[in-house]
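Observations on the three-dimensional arrangement
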Amino acid sequence: MMSLLVRDLRLAFRAGGGFGLGLAFFLLVAVLVPLGVGPEGSTLAKIAPGILWVGALLACLLSLDRIFALDFEDGSLDLLATSPIPMEGVVAVKALAHWLVTGLALTLVSPVLGVLMNLPPAGFFWLVASLLAGTPALSVIGAFGAALTVGVKRGGLLLSLLVLPLYVPTLIFGAEVVKRGAQGAEVGTPLLLLAGITAGSVALLPFAAAAAIRVNLR
Amino acid sequence: MMSLLVRDLRLAFRAGGGFGLGLAFFLLVAVLVPLGVGPEGSTLAKIAPGILWVGALLACLLSLDRIFALDFEDGSLDLLATSPIPMEGVVAVKALAHWLVTGLALTLVSPVLGVLMNLPPAGFFWLVASLLAGTPALSVIGAFGAALTVGVKRGGLLLSLLVLPLYVPTLIFGAEVVKRGAQGAEVGTPLLLLAGITAGSVALLPFAAAAAIRVNLR
Amino acid sequence: MSIWEYANPKKFMQTSAWALPWVAGLAAVSLGVGLVWGFFLTPDDYKQGSTVKIIFLHVPSAMMAINAWVMMLVASLIWLIRRHHVSALAAKAAAPVGLTFTAIALVTGAFWGQPMWGTWWAWDPRLTAFLILALFYLGYIALWEAVENPDTAADLTAVLCMVGSVFAVLSRYAVKFWNQGLHQDSTIMKVGEKDPIAPAYYLPLIVCIAGFVLLFVALVLARTRTEIRARRLQALLARERLA
Amino acid sequence: MIPDLGKYAVAVLSSYGLSVAMIVGLVLLSYVQGRRVKRQLADVEARQGKTDG
Amino acid sequence: MELVVTDLAVERGGLTVLERLSFRLAAGEALILRGPNGVGKTTLLRTLAGLQPAVQGTISLPAESLTYGAHADGLKAVLTVRENLEFWAAIHGGGDVARAMADMNLTDLADRRAANLSAGQKRRLGLARLLVTGRPIWVLDEPTVSLDQASVALFGAVVRAHLTGGGMALLATHIDLGLPEARVLDLGPFRATSPQISSGRGFDEAFA
Amino acid sequence: MELVVTDLAVERGGLTVLERLSFRLAAGEALILRGPNGVGKTTLLRTLAGLQPAVQGTISLPAESLTYGAHADGLKAVLTVRENLEFWAAIHGGGDVARAMADMNLTDLADRRAANLSAGQKRRLGLARLLVTGRPIWVLDEPTVSLDQASVALFGAVVRAHLTGGGMALLATHIDLGLPEARVLDLGPFRATSPQISSGRGFDEAFA
Ligand code: HEM
Ligand SMILES: Nc1ncnc2c1ncn2[C@@H]1O[C@H](COP(=O)(O)OP(=O)(O)OP(=O)(O)O)[C@@H](O)[C@H]1O
Ligand SMILES: Nc1ncnc2c1ncn2[C@@H]1O[C@H](COP(=O)(O)OP(=O)(O)OP(=O)(O)O)[C@@H](O)[C@H]1O
Ligand SMILES: [Mg+2]
Ligand SMILES: [Mg+2]
């Protein structure tokens, strides 16, 4: 399992592997929205929590189809299915690798984008905290969606359609944490719910995803 | 050339061809942003022009990598390159097909999303007009980006990174048209500039894109 | 005789061939009666004016939009556990019907909201939850369309339906948490208590609800028959190719 | 014969109109698909010498 | 150790393609599957590998004893030859990567990225993967596609060594592999006669 | 009409792989290219097809007279056999689709989607595409991969008919195509001796 994680990370960091592109996309959303919406500081400050979370979500989404599709195309997934590692483990490790190269990376750069979006100072801590608590759910739910669409040629867009509604609760609670945090209000409840969704998804969805992959391979 | 257009449209409408998924993505952005930002009507009305244009842009972006990558992978692009049709024609036709299934479709549904985003009534006409004037530029610029990245495995994210900066002027003028239109202000200048960008891109970029494809094939 | 016999396609085809005209006829009658009654023969509300007539479309379609998803969930579970092809195909057949009902609820709600709340659309939690439900329907249908092998598609969509149901419920709570909302609470089921809906509206509403239920059943039966035939057609063609 | 709908006529009529159109559309679509598939199946079964089920 | 297949039927795209197939393979034996295009060789191999369920019949083999080599090699273009092999070795609990590279004449290329290999070298790398899995039953689909004569001979030698060490091999191919000691099984006679709609057998009969 | 290649050098990945290659092919002739894996067959064919520039030397052939058949067939899985062929026919100005299907024994499959063809049928469809282009020079890279014996014979007959009608064919392969009348050119002797950094020839010399 460890070697699978190492390989996936290595692939992500090699040329064309996609590391940094999720980040770049997050950055671009944070740049484009002010361009589209206009430069007014107060409006931006108000929408910053929501837009930053939507941006993180879209950035996650864009790299989802790499999770399994590449291994499916070159036959690695067949070979992994006949290997001693259980498919649930494969899914979990691949979701973890995805989180490390997107979710974690997004979380770490998010304060910079908070500045671009004029986020009130009190919100920065909660932005990082909510992303840390919420992005693992994004990766696991995404891995489930990727598992459903692994047999479909260029399933990327179908994947978006399937996964985005599943992201709704995470998005709402995540953005709510940041919004309340920025206003200095109490954030306990949404943060707890966010963590709950993450815990539940991480515990259960790998099984559903592994089942979907087995169905798609046959 | 006509037969190429017909084939591309046919492929888009067949199972898994991707028609409708750009639309779905546009819809999803219009749904997710209010979920993130909050339900307040006045805030939404203020950011609606910008967000709708950003959504249209992202929806276009997501289907860009289909323009050439599928034909590259199955060898059709090599065969088209040795066919009597000039590569510039191939690029133009494929950009047109992309526009028909995304840009035009987005334009037609955009009023519905305007409702969701609480766009002021005066803005609806200008939303449609600006998308009609601006989305062809998105498709042509996107085709250029797709031509640059056609040899890269899973170039999708790299493509986003290359293309998004090129989209900036279109986005700014497009959103400006809608914003001014919604306020009842004068929209002539940005609309003219938008149309100018489209005309220029449509006239010149197919040549650059064709050159890029030839380089990538060899 | 076990209820599972109806999961046998042949048995299903026989029974549904017999039942379909009756259900369809009853649906047409009750919908016709209910809607005509509701549209022509009900008085205007003192507060809402003639818009109250929208209720006869809005409430039944909203209820059936949810019930259709529940039916798909049950059918998906039956498929996953007992692998009866008819139940998988019934779930597939129900999805476009559910989507249409969702769309009707949204459209009538929007036309109601314009005079009542002064806006076509508000990010009210119930409305938002419905929009998300529509997205789940879209994704479910798109997945059926995208996967070629019918058994694979049945398995994948069943799993999606289960996971999606959990997240749809989660979304409902999330959306409620996020915004308290304008939409009135459900009163239709509280008849016993204070009877808040005047009988003048209540009776035609009941007829319309019955009509929508029957319409749903009729459409699902008819569409399931089509799906079964399509499945068999596909198999026969495949056999022809191989032979 | 249309009842007096007052100032809400547009809202009520459009609701009824669109809803009925959607229902009729779905019914027609289901009917047409059903007929087409039934005919195709009958063709193939006739070709393969089988009886309908 | 033995691979025993009894009365097997396999399906592809919802139709049974092969049926009534029985054979057994003992340690040290190789079996070559032959048959025209589309007879179901790939389908059979995938079923044996456990990637898809059998329609009927039984496959008995020791757990985790089989490795599958498909048309696609499962190689990552951006990893080097050594990195590719080390990964598969680690997944299977650490085979001898250096030995496998030596056996398939890849040692000189150890630090070259798979993307810069020629088609034949890529295929050799795919075959070297079999060696690092350390599994006794090799199930290979057209293993010598795009190999030239010299490489085919190299492959023959590796298979022979594997058999001598008590391994087994099941190979599907259209061309000559240079393994005269292997038994040959022609799949033609096992073609499903009146192809059934296999996945929904109850389904089809209900209409008949 | 004639294809004349004079003192050609071709490059792949920035390195010259073949050089000093000259041959000519007249109407009605076929030439089979042979050579071990990685010698540069694919590279040569792509250069002849005009998909990449030659490092040195000249290729003279009538404009728009050549069609290239690569490993990938350029087929769309969701289109039917007929739709695929009609597309390529329309692009090349309307070849005879029905005749091409008849020649490659595809008429029965006309309305089947390419996705549901077996590997061999897919390859036959790829070869039928050559017929609808109506072009006289066929440049084919391993055309018989994954074809069984019967289909190889069918292919041989089609090529022979094409030659009889005044066409030409250039085929790269490792195996026997059943075309005894074709000349064979072994590429081994044309391997570039001291591979040059071809893309920057001035560049290379500047450092020497
Ligand atoms: C697009 C928007 C709307 C959606 C999706 C929607 C959805 C729903 C749903 C799901 C119900 C559930 C029925 C039940 O639980 O019994 C319902 C009932 C109802 N809705 Fe809406 N609604 C929308 C807009 C409106 C508007 C604008 C009004 C009027 C001001 C309205 C008035 C009602 C009424 C009166 C009921 C019946 C409640 C009862 O007595 O049970 N709705 N709606
Ligand atoms: N996606 C599909 N849908 C329906 N039928 C298919 C599909 N793929 C393959 N088939 C059919 O299944 C049968 C068996 O295919 P399989 O790939 O097992 O053949 P094979 O013996 O491996 O052929 P080859 O020699 O080309 O490798 C073929 O007749 C083919 O037409
Ligand atoms: N991407 C690449 N970068 C660098 N070198 C490459 C690349 N691809 C191929 N080569 C080298 O170019 C040479 C020629 O390759 P080419 O594909 O033309 O060979 P071929 O004769 O067609 O081989 P085969 O018999 O495998 O089809 C090979 O030695 C190969 O190692
Ligand atoms: Mg095969
Ligand atoms: Mg080659």
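As a reminder, the structure under discussion sits directly above these lines.
Residues numbered from 1 in each chain as written. Chains lettered and ligands numbered in written order. Predicted model: local features only at pLDDT ≥ 70, side-chain atom pairs only at ≥ 80, totals over all residues. Heavy atoms only, no water.

All names here are of chain F. With respect to topology, three strands assemble into an open sheet ordered β2-β1-β4, the strand pairing being antiparallel. Sheet topology places β2 (15-26) and β4 (56-60) at the edges, where each strand pairs with a single neighbour. Taking each pair of neighbouring strands and ignoring which way they run, the sheet shows an average axis angle of 25 degrees. Pairing analysis gives eight bridges linking strand β1 (residues 2-12) to β2, with the strands arranged antiparallel. Of the residues in β2, the one forming a bridge with Glu 2 is Ala 26. (Pairing = 2+ DSSP bridges. Helix = DSSP H or I, 4+ residues; strand = E, 2+ residues; numbered from the N terminus. Axes fitted to C-alpha atoms, helices over the stretch in contact; angles between N-to-C directions.)

Let's shift gears to the site of ligand 3. Close to ligand 3 lie 17 residues; Gly 38, Gly 40, Lys 41, Thr 42 and Thr 43 of chain F are nearest. The environment of ligand 3 is shared, with nearby residues belonging to chains E and F. Asn 37 of chain F places a polar side-chain atom, nitrogen or oxygen, 3.1 Å from an oxygen atom of ligand 3. In the complex, 81% of the free accessible area of ligand 3, which totals 640 Å², lies under the protein chains. Its residues placed into classes, the shell around ligand 3 shows four nonpolar, nine polar and four charged. (Near = heavy atom within 4 Å. Polar contact = N/O pair within 3.5 Å; in protein donor to acceptor, adjacent residues only side chain to side chain. Areas by Shrake-Rupley, 256 points an atom, 1.4 Å probe, with all protein chains shown as cover. Nonpolar A, V, L, I, M, F, W, Y, C, P; charged D, E, K, R; others polar.)

Attention shifts here to the packing of helix α7 (residues 123-148) of chain A against helix α8 (residues 156-182) of chain A. Residue and element names in this part refer to chain A. Following both chains from N to C, one finds α7 and α8 inclined at 170 degrees, their axes separated by 9 Å at the closest point. Taken as axis vectors, α7 and α8 run roughly antiparallel relative to one another. Considering only residue class, the contact of α7 with α8 consists of 16 nonpolar, eight polar and no charged. (Parallel < 35°, antiparallel > 145°, perpendicular 65-115°, else oblique.)

Where interface size is quoted, it is often the accessible area lost as the parts come together. With 41 residues of chain A at the contact, the number on the chain B side is 41 residues. When chain A packs against chain B, close to 3,800 Å² is buried across both sides, 75% of that on carbon and sulfur atoms. Where chain A touches chain B, the interface holds zero salt bridges. The interface formed by chain A and chain B contains one residue pair in polar contact (both at pLDDT 80 or more). If you list the elements that add at least two residues to the side of chain A that touches chain B, you get α2 (21-37), α3 (41-64), α4 (66-73) and α8 of chain A. Along the lines of polarity and charge, the residues of the side of chain A that touches chain B split into 26 nonpolar, seven polar and eight charged. (Contact = heavy atoms within 4.5 Å. Buried area = accessible area lost by both parts, 1.4 Å probe. Salt bridge = Lys/Arg side-chain N within 4 Å of Asp/Glu carboxyl O.)

Here Glu 73 of chain B shows up in helix α4 (residues 66-73). In this structure Glu 73 of chain B comes out as partly exposed when scored by relative accessible area, which is 44%. (Buried < 20%, exposed > 50% of the residue type's maximum accessible area, 1.4 Å probe, protein only.)

Residues and elements named next belong to chain E. Taken in spatial order, the five strands line up as β5-β6-β7-β3-β8 in an open sheet, and their pairing is parallel. Only two strands of the sheet have a single partner each, and these edge strands are β5 (66-69) and β8 (183-186). Within this sheet the neighbouring strands show an average axis-to-axis angle of 15 degrees, counted without direction. Taken together, the four bridges between strand β3 (residues 30-34) and β8 define a ladder with parallel strand orientation. Bridge assignment links Ile 32 to a residue of β8, and that residue is Val 184. Strands β5 and β6 (137-141) of the sheet are contacted by helix α4 (residues 119-133), whose axis makes an angle of about 175 degrees with β5.

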